[in-house]
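# Per-entry structural report
Chain by chain, the residues run as shown.
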Amino acid sequence: MDLRIEDLPPKILIGKKLVMSFANNRTPELWKAFMPLRNTIVNTVSNDLYSLQVYPAGFFNPFNPLTLFEKWALREVSNAEKVPAGMEVFNLPGGLYVVFNYIGSFREAPGAFQYIMGEWLPQSDYMLDDRPHFELLGEKYKNDDPASEEEIWIPVKLK
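The text that follows walks through the structure, step by step, so that each part is easy to find.

Scoring rules and cut-offs
Residues numbered from 1 in each chain as written. Predicted model: local features only at pLDDT ≥ 70, side-chain atom pairs only at ≥ 80, totals over all residues. Heavy atoms only, no water. Helix = DSSP H or I, 4+ residues; strand = E, 2+ residues; numbered from the N terminus. Rg over C-alpha atoms; globule rule 2.2 N^0.38 Å. Buried < 20%, exposed > 50% of the residue type's maximum accessible area, 1.4 Å probe, protein only. Pairing = 2+ DSSP bridges.

## Regarding the overall build of the chain
- The number of helices and strands found in the chain is two helices and nine strands.
- Secondary structure elements in the chain, listed N-terminal to C-terminal, are β-β-α-β-β-β-β-α-β-β-β.
- The C-alpha radius of gyration computed for the chain amounts to 15 Å, which stays within 12% of the reference 15 Å derived for 159 residues, consistent with globular compactness.
- Each of the three principal axes of the chain carries a C-alpha extent, and together these read 45 × 30 × 30 Å.
- When each of the 159 residues of the chain is scored for burial, the buried share is 39%.

What follows is the structure, given as structure tokens:
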């Protein structure tokens with residue numbers, strides 16, 4: 001997987017969220033609720049979609065698949081003056097991220113995350129930062145297609 005380090009500016013996002021765990025993954029339910037309404041969001045800056053996770057402090061140490069976290073389905077907007085009914089604003093703080101270009105089906109994605117968290121991160125000059133994680137789903141994202149492309153954004157800080 002290709003990677004880069006990027007200093008992300010703060011962003012304003014609008015979408016829907018659900019609380020879930022890895023053991024009780026409700027991601028399909030979230031996206032089924034969001035996708036029919038995504039075009040009701042005004043002032044969008046692109047067609048990109050954000051699949052974003054807000055983990056509680058210490059979520060990965062030690063990792064427990066039953067620990068709850070928030071998962072969001074979102075679009076970026078230039079301002080949050082008009083929020084569609086049933087949606088919420090999420091202010092994504094800026095900061096340093098390592099960005100991996102992932103190619104493959106979402107079914108194989110857990111292996112990519114295991115590599116990032118279990119191999120790349122411990123061997124790098126970085127450690128996890130306590131900010132949202134997200135996947136950026138752009139033009140080349142094709143859901144369950146093995147040729148699908150997305151960016152995996154992991155918040156980091158220097159060790």
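## Comments concerning the pairing of strand β2 (residues 11-20)
- Along β2, seven of the ten residues are buried, which leaves the element largely enclosed by surrounding structure.
- In this structure, β2 lies alongside strand β5 (residues 88-92), joined through five bridges in antiparallel fashion. Paired with Ile12 across the bridge in β5 is Asn91.
- With nine bridges connecting them, β2 and strand β4 (residues 69-77) associate as antiparallel partners. Considered in β4, the bridge of Met20 is made with Phe69.

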